[in-house]
Amino acid sequence: MVDYYQSIKIFDFSTTIAQIMNSLSGAISVKANIGIVEVTDQKRFERIVQRILGLCFDNRQQIDVSGISKIGELDNIDESFFKFTDLDLRQIEIEVENVKKGVVEYLDCTTVKLPVDSDSIIDALDQLNFVEDNDLVNAANNITDPFVNNPEWLKYGIRGNIEASVNLNFVKLIIQGLVSGVLVPKILLPIFVMLKSIGKNLDDKINGYMDFLREFRTQAIDLISKLGAIFIKELFNIIKKDIKNLIQQIILDLAKEKADKRIVMILKLVQLLTVVGQFTKDWRQCKNVVDELLSLLQIATTGWGGEIPLPLTFASRLLDGFSSVRAFIGSIEELQKMGIPTGPMPDGSPNLTVLSMLGQIKAMSLEEAENGKVQIAIGPLAITPAGLTVPASAFGKKM
């Protein structure tokens, strides 16, 4: 088995991209004329992968003498872990039906079913086989273009919005593609051959992804969770790098606007502190990546009594103030994340709940603009021959 695995390419970039695009569009399933049973099995597998990625792995190094200290991460995973709710089954049924019809649906388009140009997508995936390894990433960056450039989509006038949704969903499906790209026949073949050679015949037990997960649940969960941990760690490093670049840009902007070298020096220290963040030893632990990123910025506030550091406060002048429209769009996005309908009613009439929300936000913004005020306490500023300056109050408006 070692000789076999050393002679093959375990991870294939093109295969992974193809798996992602198939989950995104169903193009490969359509062209290969895969049956409903196989497509359903694939969609169920994708949901179980999401559940696995949500598991916690508590790697405590100290001896734990509590009542649950001997319970492992996988001990509570039984057959119920692989069962689906009525809502899950309904959603899977809709996705399978869309694949067989060759269409996709996106939240941005409410209930519009957009046709998939499977031929163009397959052609784009085939072209990856002729690209040099050094250029694969650049080629993959444009792999969704044949999907969103479908002439049929132009009839709906929604290409711009859908392109953002397609790219976002592509990122969300990267782990799915990694897992599906590893669990392919050439990787599993020697394992089944060895099992059969020792008398363990699994021909009648494994007929798809779900059967494989149930039979090898421990190994599969360990593999999938580790792949997810690698992805989260790399994503974290990318975001951290972006934060560093953002702060660097703020430094440059303030350096041009303010000649005070002390501000530049302090902000430079803040930038350096963001690089010295705490690293998670095992990225499968239940540690929120957002919290980890916030901790990078919170390091700079140590010793400031929880207040925003003065140098960073100067950067607030770069903000454009409160916007009722932007707040309304943000509210819509949050409602959509929670699954609350925000589109028109089934009869085509406006959604009064959403309209009332817009009115409320605009009224609050108008009231703040007309009557809102800010009171600031100004402490002693400088030492004069007569002593410290007298503390005072200042008033202003919040933009």
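What counts and how
Residues numbered from 1 in each chain as written. Predicted model: local features only at pLDDT ≥ 70, side-chain atom pairs only at ≥ 80, totals over all residues. Heavy atoms only, no water. Helix = DSSP H or I, 4+ residues; strand = E, 2+ residues; numbered from the N terminus. Buried < 20%, exposed > 50% of the residue type's maximum accessible area, 1.4 Å probe, protein only. Contact = heavy atoms within 4.5 Å. Areas by Shrake-Rupley, 256 points an atom, 1.4 Å probe, with all protein chains shown as cover. Phe/Tyr/Trp six-rings, centres within 6.5 Å; stacked < 30°, edge-to-face > 60°. Expected span 1.5 Å × (residues − 1). Arc of directions from axis to C-beta. Salt bridge = Lys/Arg side-chain N within 4 Å of Asp/Glu carboxyl O. Core = buried A, V, L, I, M, F, W, Y, C linked by side-chain atoms within 4.5 Å. Polar contact = N/O pair within 3.5 Å; in protein donor to acceptor, adjacent residues only side chain to side chain.

Draft legend 1. Geometry of the overall build of the protein chain. A count of helical and extended segments in the protein chain gives 19 helices and six strands. Counting only residues that meet the buried cut, the protein chain has 31% of its 399 residues in that class. Taking contacts inside the protein chain between residues at least 6 apart in sequence as the whole, the part at least 24 apart equals 67%. For the protein chain, the computed accessible surface area is about 25500 Å², with 59% contributed by carbon and sulfur atoms.

Draft legend 2. Molecular detail of the packing of aromatic side chains. Counted by the stated rule, this structure contains six aromatic pairs. Summarising the aromatic geometry, the rings of Phe81 and Phe82 are spaced 5.4 Å apart at their centres and angled 85° between planes, so their arrangement reads as edge-to-face. Classification of Phe81 as buried rests on a relative accessible area of 15%. Of the residues examined, Phe82 reaches a relative accessible area of 2% and is grouped as buried. Centre to centre, the rings of Phe192 and Phe212 are 6.5 Å apart; their planes meet at 40°, and the pair counts as tilted. Residue Phe192 is located in helix α12 (residues 185–197), and its partner Phe212 is located in helix α13 (residues 209–215); the two are separated by 20 residues in the primary sequence. Residue Phe192 is classed as partly exposed on the basis of its relative accessible area, which comes to 24%. Among the aromatic residues, ring-to-ring pairing joins Phe192, Phe212 and Phe216 into one connected group.

Draft legend 3. Highlighting α12. With 13 residues, α12 should cover 18 Å at 1.5 Å per step; its first-to-last C-alpha distance of 18 Å lies within 8% of that length. By the burial criterion, the buried members of α12 are Ile187, Leu188, Pro190 and Leu195. What you see down the axis of α12 is that its buried residues fit within an arc of 155°, all on one side. Turned more than 90 degrees from where α12 packs its buried face, Pro185, Lys196 and Ser197 sit exposed. Here the buried face of α12 lies against α1 (2–7), α11 (174–182) and α13. Gly199 occupies a position one or two residues after α12 and carries a positive phi of about 90°.

Draft legend 4. View of the pattern of salt bridges. Taken as a whole and judged by the stated rule, the model has 10 salt bridges. A salt bridge links Arg47 to Glu95, with the nearest nitrogen and oxygen atoms 3.3 Å apart. Note that Arg47 is positioned in helix α4 (residues 36–53) and Glu95 in helix α5 (residues 86–101), a separation of 48 residues in sequence. One salt bridge connects Lys113 with Glu105, and the closest N-O pair in it is separated by 3.0 Å. When its relative accessible area of 36% is taken as the criterion, Lys113 is described as partly exposed. Three or more residues are tied together by salt bridges with common partners; here these are Glu79, Arg214 and Arg217.

Draft legend 5. Geometry of unusual backbone geometry. Of note in this structure, Asn33 is not a glycine but carries a positive phi near 55°. With respect to the helices and strands, the residue Asn33 is situated in the loop between α3 (27–31) and α4. Asn33 gets classed as exposed once you look at its relative accessible area, which sits at 63%.

Draft legend 6. Structural context of the nonpolar core. Grouped together as the largest cluster of nonpolar side chains are 28 residues, with contacts concentrated most on Ile48, Phe82, Val179, Phe212 and Leu213. Not counting residues within four places of it along the chain, the set of residues in contact with Leu213 comprises Phe45, Ile48, Phe82, Ala220 and Ile224.

Draft legend 7. Inspection of the side chain of Thr144 at higher detail. In this fold, Thr144 is placed in the loop between α7 (136–141) and α8 (145–148). The exposure class assigned to Thr144 is buried, which follows from its relative accessible area of 5%. At a separation of 3.0 Å, a polar atom in the side chain of Thr144 contacts the side chain of Asn167.

Fair warning: the whole summary comes from geometry, so function is off the table for now.
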